[in-house]
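# What the coordinates show
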Amino acid sequence: MRMALTSAAKLGRTPGLGFAALLLIASSLLAQPPAGQPPPTVVFMTDFGILDDSVALCKGVMYGITPNLRIVDLTHQVNAYSIRDGARFLFGASPYFPAGTVFVVVVDPGVGSSRKAVVVKSKRGQFFVLPDNGLMTMVEDRDGIEAIREITNPNWMVGAKISSTFHGRDIFSPVGAHIARGDDWTQVGPAVKQLVRLDLKPATVDDKGLTGEAIALDGPYGNLITNIDADDFMKLGYQLGDQLKVTIAGHEIEMPLVRTFSDVGLKQPMLFIDSRRRASFALNQASFAAVYKIEPPQPVFIPRKGR
């Protein structure tokens, strides 16, 4: 106790030191979010892969601006240059995050070109910091867009000279961190009227059946993901356990409609409604794509029941 009192007394006798210490403590407290309030969140997605330091550099930029930031890695394994896959992942993940979440997305085959770098605010109150190349197409169709701004303000970027090939580090990451920190996002640059859109063909249903597309593979499993919504598929009249003949990439394949993989024998084909409520094709514990030699995108036709 004596030692503590002596130290405190010395601190008080040192001119300005006690005041500086108080200022340091106060600033530290002010930097902390109010009790019960979660830290600001950035959801980060790229096609960079994880073999080099690109992802870490971008995170370093974001933490340098907003030290209490929480960064959620959506994925950094988007197929290289695949804007369609990036749009699909963004569409699938964004409903599970609250309003105010900032999505930083770098799938940018046009980096350094005339394509715009933008911030988009959806009508759900989420922010998207990304290249204007079609990544927002599916989110825009579902959630609507409140406002769009082009990123032109150099004060929101990193470095005196912006790299022509690494806008993920120099533009998208700092802008995302500024917005997550609560800075006025309208200061990034001028308003933009509309976004570049992907030409996505929706599945269609007629008297004969349903025409859609196998658009991607389900990670390492080789399941075929389609653009066929469960509600559209159910219009065909099938029930669990029914057998149906599906034409994929010109090849007719017979399979049952089932609930999950173990409902068929090992390496047997099946049609099921996946966790995102899309019709999907799989083999139980084998790759549908590899066995049937199908590489998306490929056309899919499912006849109505009884035809």
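Structure first, text after, so check above.
Below you will find a few notes about this structure.

So, about the side chain of K59. Residue placement: K59 occurs in helix α3 (residues 54–65). For K59, the side chain forms a polar contact with the side chain of D73, separated by 2.7 Å. Excluding residues that lie within four positions of it along the chain, K59 makes contacts with F44, I71 and D73.

This part takes up the pattern of salt bridges. With the rule as written, the count across this model stands at 13 salt bridges. The salt bridge involving D73 is made with K59; its shortest N-O contact spans 2.7 Å. With D73 in strand β2 (residues 70–75) and K59 in helix α3, this pair connects stretches of sequence that are 14 residues apart. Residue D73 is classed as partly exposed on the basis of its relative accessible area, which comes to 35%. Because the salt bridges share partners, they merge into one network encompassing E140, D141 and R197.

Turning our attention to the environment of R149. Locating R149 in the fold gives a position in strand β6 (residues 145–150). In this structure, the C-alpha to C-alpha distance between R149 and K116, residues 33 residues apart in sequence, is 9.6 Å. A polar contact of 2.8 Å, which involves the side chain of R149, links it to the backbone oxygen of G189.

F44, V119, V129, I151 and I179 are the most contacted members of the largest nonpolar core, which has 28 residues in total. Mapped onto this core, the elements with two or more residues apiece are β1 (41–46), α3, β3 (102–106), β4 (117–122), β5 (127–131) and α6 (167–181). Of the residues forming this core, the biggest block, six residues, is contributed by α6. I151 has contacts with A117, V118, V119, V129, M157, I171, F172, V175 and V188, leaving out every residue within four places of it along the chain. Of all hydrophobic cores here, the second largest spans 24 residues; its members include L236, M255, A289 and I302.

The next thing to look at is the packing of α3 against α6. It is the contact of α3 with α6, at a shortest axis distance of 8 Å, that shows an interaxial angle of 35 degrees. In the crossing of α3 with α6, the sense of the turn from one axis to the other is right-handed. The residues of α6 that touch α3, namely those facing C58, V61, M62 and I65, are G168, R169, S173, P174, A177, H178 and R181. Tallied by class, residues from the contact of α3 with α6 come to six nonpolar, three polar and two charged.

The subject of this paragraph is the packing of aromatic side chains. Overall, the coordinates contain eight aromatic pairs when judged by the stated rule. For the pair F233 and Y238, a centre-to-centre distance of 6.0 Å together with 10 degrees between the ring planes defines the contact as stacked. When its relative accessible area of 0% is taken as the criterion, F233 is described as buried. Its relative accessible area of 4% is what places Y238 among the buried residues. Site record: aromatic cluster; members linked through ring pairs are F97, F103 and F128. One cation-aromatic arrangement involves R142 over F91; the distance from NZ or CZ to the ring centre is 4.3 Å.

Here we take up the environment of N223. In this fold, N223 is placed in the loop between β8 (209–217) and β9 (224–229). With relative accessibility at 5%, the residue N223 sits in the buried group. The spatial distance from the C-alpha of N223 to the C-alpha of A286 is 8.6 Å, given a sequence separation of 63 residues. Once residues lying within four places of it in the same chain are set aside, the contact partners of N223 are A216, L217, D218, F261, F272, F281, A282 and L283.

Across the junction of P296 and P297, the peptide omega takes the value 0 degrees, indicating a cis bond. Relative to the assigned elements, P297 resides in the loop between α8 (288–291) and β14 (298–303). Within the chain, A249 stands out as a residue other than glycine whose phi angle is a positive 55 degrees. By the secondary structure assignment, A249 is in the loop between β10 (243–248) and β11 (251–256). Although it is not a glycine, R277 sits at a positive phi angle of roughly 60 degrees. Considering the arrangement of structural elements, one finds R277 in the loop between β12 (269–273) and β13 (278–283).

Definitions and cut-offs
- Residues numbered from 1 in each chain as written.
- Predicted model: local features only at pLDDT ≥ 70, side-chain atom pairs only at ≥ 80, totals over all residues.
- Heavy atoms only, no water.
- Helix = DSSP H or I, 4+ residues; strand = E, 2+ residues; numbered from the N terminus.
- Polar contact = N/O pair within 3.5 Å; in protein donor to acceptor, adjacent residues only side chain to side chain.
- Contact = heavy atoms within 4.5 Å.
- Salt bridge = Lys/Arg side-chain N within 4 Å of Asp/Glu carboxyl O.
- Buried < 20%, exposed > 50% of the residue type's maximum accessible area, 1.4 Å probe, protein only.
- Core = buried A, V, L, I, M, F, W, Y, C linked by side-chain atoms within 4.5 Å.
- Axes fitted to C-alpha atoms, helices over the stretch in contact; angles between N-to-C directions.
- Left-handed = near helix turned anticlockwise from the far one by under 90°.
- Nonpolar A, V, L, I, M, F, W, Y, C, P; charged D, E, K, R; others polar.
- Phe/Tyr/Trp six-rings, centres within 6.5 Å; stacked < 30°, edge-to-face > 60°.
- Lys NZ or Arg CZ within 6 Å of the ring centre and 35° of its normal.

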